[in-house]
Amino acid sequence: QVQLVESGGGLVQFGGSLRLSCAASGSIFSLYALGWYRQTPGKQRELVADIDTIGSTNYAPSVKDRFTMSRDNAKNTVYLQMNSLKPEDTAVYYCSAGYVPHGDPYYPTSWGQGTQVTVSS
């Protein structure tokens, strides 16, 4: 089981940028696919981006071309660079570790505690 700890959330103005980090421990980081999710009150948690073990990424249409997900296996860390932020990006962001079944979407098996991102208008 991998343990995940997010950091980097905060308050930012419309159009600003933030970089979220997620540090992993407890297992072989490079063997996991990873995902960033977000959730607002009363709504389901949604997948924002995922990255597989070789670095291929997928993004939700709402963040494509604004967010970039990357991983550093040497540091056991995954990142989410968020640019051109909008108020609708306000949410708790969660890091996850999981796997990508052959031919199927990313499937999370471990979660971090979440970090709040607030974008003011």
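Look up a bit, the structure's there.
We now turn to the structure provided with this report. Counting from 1, residues in each chain are numbered in the order their sequence is written. The predicted nature of this model means local features are confined to residues of pLDDT at least 70 and side-chain atom pairs, given and counted, to a pLDDT of 80 or more, with totals for whole chains, interfaces and linings taken over all residues. To get the side-chain values, take all heavy atoms of the structure and skip hydrogens and water.

1. Digging into unusual backbone geometry
Inclusion rule: Each helix corresponds to a stretch of at least 4 residues labelled H or I by DSSP, and each strand to a stretch of at least 2 residues labelled E; elements are numbered beginning at the N terminus. For each residue, the accessible area found with a 1.4 Å probe, counting protein chains only, is set against the maximum for its type, and the residue is called buried under 20%, exposed over 50%, and partly exposed in between.
Positive phi values are uncommon outside glycine, yet Asp-65 reaches one of about 75°. Among the structural elements, Asp-65 can be located in the loop between strand S6 (57–59) and strand S7 (67–72). Overall, the relative accessible area of 78% leaves Asp-65 in the exposed class. Non-glycine residue Ser-84 carries a positive phi angle of around 50°. Within the secondary structure, Ser-84 is located in the loop between strand S8 (77–82) and strand S9 (91–99). For Ser-84, a relative accessible area of 40% corresponds to the partly exposed category.

2. Here we look at the nonpolar core
Using the following cut-off: Among buried residues, those of type Ala, Val, Leu, Ile, Met, Phe, Trp, Tyr and Cys that are joined through side-chain atoms within 4.5 Å constitute a nonpolar core.
Judged by nonpolar contacts, the single largest core of 28 residues is most densely connected at Trp-36, Val-78, Leu-80, Met-82 and Tyr-93. Listed by contribution, the elements that provide at least two residues to this core are strand S3 (18–25), strand S4 (33–39), strand S5 (46–51), S7, S8, S9 and strand S11 (115–120).

3. Considerations on the pattern of salt bridges
Filter applied, for reference: Any Lys or Arg side-chain nitrogen found within 4 Å of a carboxyl oxygen on Asp or Glu counts as a salt bridge.
Applying the stated rule across the entire model yields three salt bridges. For Glu-46, the salt bridge goes to Arg-38, with nearest N and O atoms at 2.7 Å. The exposure class assigned to Glu-46 is partly exposed, which follows from its relative accessible area of 34%. Assessed through its relative accessible area of 6%, Arg-38 is described here as buried. Arg-66 is the salt-bridge partner of Asp-89, the closest N and O atoms lying 2.8 Å from each other. Of the two residues, Asp-89 sits in the loop between S8 and S9 while Arg-66 sits in the loop between S6 and S7, which places them 23 residues apart along the sequence. Assessed through its relative accessible area of 1%, Asp-89 is described here as buried. The exposure class of Arg-66 is buried, given its relative accessible area of 11%. Residues joined by salt bridges that share partners form a network here, namely Arg-38, Glu-46, Arg-66 and Asp-89.

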